[in-house]
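Chain residues, written in single-letter form:
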Amino acid sequence: MTRSMLLQQLEDEKCWDLLVIGGGATGLGVAVEGASRGYRTLLLERDDFGSGTSSRSTKLIHGGVRYLQQGNIFLVLEALHERGTLIRNAPHLVHNLSFVVPLYDWWEGPFYGIGLKLYDMLAGKLGLGPSQILSREETLRRIPTVEPAGLRGGVIYHDGQFDDARLAVALARTFADLGGVPLNRLEVSGLLKAGGLVCGAAARDRESGREYELEARVVVNAAGPFCDAIRRLDEPGAQPVIAPSQGVHLVLPREFLPGDSAIMVPHTDDGRVLFAVPWHERVIVGTTDTPVDRATVEPRPLAAEVEFLLAHASRYLSRDPGITDILSVFAGLRPLVRGGDIAHTATLSRDHTILVSAAGLVTITGGKWTTYRRMAEDTVNSAARLAGLEERPSRTADLPIHGWLAKSAADGEWSMYGAEAAALEELCTVQPDLRRKLHPRLPYRLAEVVWGVRYEWARSVEDVLSRRTRALILDARAAMEEAPAVAALMAAELGRDETWQAAEVAAFRALAKGYLPSGVSGS
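Calculation notes
- Residues numbered from 1 in each chain as written.
- Predicted model: local features only at pLDDT ≥ 70, side-chain atom pairs only at ≥ 80, totals over all residues.
- Heavy atoms only, no water.
- Helix = DSSP H or I, 4+ residues; strand = E, 2+ residues; numbered from the N terminus.
- Rg over C-alpha atoms; globule rule 2.2 N^0.38 Å.
- Buried < 20%, exposed > 50% of the residue type's maximum accessible area, 1.4 Å probe, protein only.
- Contact = heavy atoms within 4.5 Å.
- Phe/Tyr/Trp six-rings, centres within 6.5 Å; stacked < 30°, edge-to-face > 60°.
- Lys NZ or Arg CZ within 6 Å of the ring centre and 35° of its normal.
- Core = buried A, V, L, I, M, F, W, Y, C linked by side-chain atoms within 4.5 Å.
- Axes fitted to C-alpha atoms, helices over the stretch in contact; angles between N-to-C directions.
- Parallel < 35°, antiparallel > 145°, perpendicular 65-115°, else oblique.
- Left-handed = near helix turned anticlockwise from the far one by under 90°.
- Nonpolar A, V, L, I, M, F, W, Y, C, P; charged D, E, K, R; others polar.
- Salt bridge = Lys/Arg side-chain N within 4 Å of Asp/Glu carboxyl O.
- Polar contact = N/O pair within 3.5 Å; in protein donor to acceptor, adjacent residues only side chain to side chain.
- Expected span 1.5 Å × (residues − 1).
- Pairing = 2+ DSSP bridges.
- 1 Å grid on protein atoms, 1.4 Å probe; cavity = no way out; pocket = protein on both sides within 12 Å on 5 of 7 lines; lining within 4 Å.
- Points joined across faces, edges and corners; volume = space filled by probe spheres on them.

## Side note on the overall build of the chain
Then, number 1: Within the chain, the secondary structure is distributed over 16 helices and 18 strands.
Then, number 2: In terms of overall dimensions, the chain is globule-like: its C-alpha atoms have a radius of gyration of 23 Å, near the 24 Å expected for 523 residues.
Then, number 3: Across its three principal directions, the C-alpha atoms of the chain cover 70 × 50 × 45 Å.
Then, number 4: Out of the 523 residues in the chain, the part that is buried amounts to 61%.
Then, number 5: Sequence separation of at least 24 residues holds for 72% of the intrachain contacts in the chain that already meet a minimum separation of 6.

## Brief notes about the packing of aromatic side chains
Then, number 1: Applying the stated criterion across every chain, the model contains 13 aromatic pairs.
Then, number 2: Judged by centre distance (6.2 Å) and plane angle (40°), the ring pair of Trp107 and Tyr112 falls under tilted.
Then, number 3: The exposure class of Trp107 is partly exposed, given its relative accessible area of 36%.
Then, number 4: Take Tyr112: its relative accessible area is 11%, and that puts it in the buried class.
Then, number 5: Here Tyr417 and Trp451 contribute two aromatic rings whose centre-to-centre distance is 6.5 Å and whose plane-to-plane angle is 85°, an arrangement assigned as edge-to-face. Residue Tyr417 is located in the loop between helix 10 (372-387) and helix 11 (421-430), and its partner Trp451 is located in helix 12 (residues 446-455); the two are separated by 34 residues in the primary sequence. By the burial criterion, Tyr417 is buried, and Trp451 matches it.
Then, number 6: Through pairs of rings, three or more aromatic residues link up here, namely Phe99, Tyr119, Tyr157 and Phe275.
Then, number 7: Seen from the ring of Phe226, Arg46 lies directly overhead, with NZ or CZ sitting 4.7 Å from the centre.
Then, number 8: Over the ring of Trp279 we find Lys59; its NZ or CZ atom is 5.2 Å from the centre of that ring.

## Overview of the nonpolar core
Then, number 1: The biggest cluster of nonpolar side chains holds 68 residues, and the ones touching the most others in it are Leu19, Leu42, Leu44, Leu183 and Trp369.
Then, number 2: Contact partners of Leu44, with chain neighbours within four places excluded, come to Leu19, Val20, Ile21, Gly22, Gly23, Leu183, Leu186, Val188, Ala203 and Leu214.
Then, number 3: Leu427, Leu434, Ala476 and Ala478 belong to the second largest nonpolar core, which has 44 residues in total.

## Considerations on the packing of helix 12 against helix 15 (residues 476-494)
Then, number 1: Between helix 12 and helix 15, the least distance of the axes is 10 Å, while the angle of their chain directions is 40°. With respect to helix 15, the element helix 12 is oriented oblique. Here helix 12 and helix 15 pass one another in a crossing that is right-handed. Here Leu446, Val449, Val450, Val453 and Arg454 of helix 12 come into contact with helix 15, specifically with Val486, Leu489, Met490, Glu493 and Leu494.
Then, number 2: Residues belonging to the contact of helix 12 with helix 15 are distributed by class as follows: eight nonpolar, no polar and two charged.

## Quick word on unusual backbone geometry
Then, number 1: In the segment running from Gly286 into Thr287, the intervening peptide bond is cis, with an omega of 10°.
Then, number 2: Despite not being glycine, Glu281 has its phi angle at roughly 60°, a positive value.
Then, number 3: Relative to the helices and strands, Glu281 resides in the loop between strand 13 (274-279) and strand 14 (282-286).
Then, number 4: With a relative accessible area of 54%, Glu281 lands in the exposed category.

## Structural notes on the pattern of salt bridges
Then, number 1: In total, this model carries 42 salt bridges according to the counting rule given.
Then, number 2: Where Arg88 meets Asp398, a salt bridge forms, and the shortest distance between an N and an O atom there is 3.5 Å. Residue Arg88 is found in helix 4 (residues 73-89), and its partner Asp398 is found in the loop between helix 10 and helix 11; the two are separated by 310 residues along the sequence.
Then, number 3: Residue classification places Arg88 among the partly exposed residues on the basis of a relative accessible area of 41%.
Then, number 4: The residue Asp378 makes a salt bridge to Arg374 at a minimum N-O spacing of 3.3 Å. Taken together, the positions of Asp378 and Arg374, both in helix 10 and four residues apart, correspond to about one turn of that helix.
Then, number 5: Assessed through its relative accessible area of 30%, Arg374 is described here as partly exposed.
Then, number 6: Taken together, the shared-partner salt bridges in this structure form one network comprising Asp48, Arg185, Glu462, Asp463, Arg467 and Arg468.

## Digging into the packing of helix 2 (residues 25-36) against helix 7 (residues 164-177)
Then, number 1: For the pair helix 2 and helix 7, interaxial distance at closest approach is 9 Å and the crossing angle is 25°. Relative to helix 7, helix 2 is oriented roughly parallel. Between helix 2 and helix 7 lies a crossing whose hand is left-handed. From helix 2, Leu28, Ala31, Val32 and Ala35 reach across to helix 7, where they touch Ala168, Leu171, Ala172, Thr174 and Phe175.

## Considerations on the environment of Asp325
Then, number 1: Counting through the fold element by element, Asp325 comes out in the loop between helix 9 (303-316) and strand 16 (328-334).
Then, number 2: Not counting residues within four places of it along the chain, the set of residues in contact with Asp325 comprises Val251, Leu252, Pro253, Phe256, Arg319 and Asp320.
Then, number 3: A polar side-chain atom of Asp325 sits 3.4 Å from a polar atom in the side chain of Arg319.

## Considerations on helix 2
Then, number 1: Relative to the 16 Å expected for twelve residues at 1.5 Å per residue, helix 2 spans 16 Å between its end C-alpha atoms, a close match to the ideal helical length.
Then, number 2: Where burial is concerned, most of helix 2 is hidden: twelve out of the twelve residues are buried.
Then, number 3: Every buried residue belonging to helix 2 is among Ala25, Thr26, Gly27, Leu28, Gly29, Val30, Ala31, Val32, Glu33, Gly34, Ala35 and Ser36, and all of these are buried.
Then, number 4: Those residues of helix 2 that are buried lie in contact with strand 1 (15-21), strand 2 (41-45), helix 7, strand 10 (211-221), strand 18 (362-366) and helix 10.

## Focus on the pairing of strand 7 (residues 181-184)
Then, number 1: What you see with strand 7 is no split at all: Val181 and Leu183 on one side and Pro182 and Asn184 on the other are buried throughout.
Then, number 2: Inspection of the sheet shows strand 2 paired to strand 7 by four bridges, in the parallel sense. Directly across from Leu44, in strand 7, lies its bridge partner Leu183.

## Re the layout of surface pockets
Then, number 1: Computed from the structure, the second largest pocket encloses a volume of approximately 810 Å³.
Then, number 2: His95, Trp279, His280, Ser415 and Met416 are, among the 30 residues lining the second largest pocket, the residues nearest its centre.
Then, number 3: Listing elements by their share of the lining of the second largest pocket, those giving two or more residues are strand 4 (94-103), strand 6 (153-162) and strand 13.
Then, number 4: Broken down by element, the lining of the second largest pocket gets its largest block of residues, five residues, from strand 4.
Then, number 5: Grouping the constituent residues of the lining of the second largest pocket by class yields 13 nonpolar, eight polar and nine charged.

Now the structure itself:
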């Protein structure tokens, strides 16, 4: 289903049952939930699917050990249940990963050992493996680069790992498979009202400039960190409900953590959990929790955040990483719901919140990737009741995500494409030049650029290098070097000229500079 075909559906449909604003994890989840119940559903995304917070996570599908420490048992239970559901529904995108908590004090073994046994118990039959105490020797075998001085042993437990942007794209494809209409580059500029009630949205195609007025029985605001801006389209004086918080991650070469296990540090100087996680033959270290004054489309890491992460990584790794070791650094915004101590966002709730305005705008905010499906189920239940839609049960707990393939059959170079791996291989057979690697330091092939444009609605060089592949996160310099080749391939697919190519390359390189350590902001 091409973008032009989706735009034609926009023309043909007179009134949607459900119009969703926002194409991140929450909005995509709501859209899939609505379409799977048979509601005529439209999703509008200002930029690209998953282009904000939803592609800048720690890449974990987890119950939340920190929430267990905080005593939020309900959130942990819900997240563990959803973790199991997602691994079942998207085995090509989510997998089991072992985590080791290194122990340096005598009391840590029994303390964390008991806590993680409780984590196992809460997971029940959806558990991914039992936690256990490790000897010093076994800890060093599993994480050979952990700081050995003073090491007493470790505790191992299991959680889920995924590729966030790839899951976002797969959800958009799932939504389309269900008859829904996902459109990126469609910016909502206003809300339509009749009799004082919201009855649709005004939107502009950012590519063509065309304006649309789209009627809907109910509108869901799932704009994440930007949901207050949508709420003000409904109520100009609406008080903000979001206290945005910035989380920063560093990406290091694989040699800093060469084993198959991640490191979890349960208590940093600011009270957060720190992870060092192997991912796509790199190591992701994160994260921070820094309150910010306002939500921005492209948040920038602060120098102090980078220094904080390097300092903590140095405490737990035998080789201390430095600024020159960083391959990429990225920041994402959390849409935390105001309340508690907003000066310390680590204390704010990760639970989701549903608000319904006097005019009937439904806003869903808060939450996290792990619980996106449950958030969507709750939201569509509320929206359907509000709009008087026919009551229909949720189907998503057992709905395979696009590309679903049995785990045993999903290994290999194209594993994240699941059932479409054979089609990618066929594309390389028909056009052998597309088998060439994008860059010597990156795992991607040119075929993935073409695939992203043809089947995954990639519209810009950034879409391809940041989300259809993860080149920008894995190695920002390599991504910048390959921008011209990607632009040329995309231009051939999209019918663009050399002027478009030059503009795309310039725009991407300007963006990518912010992912280099030299591009971080001052304290």
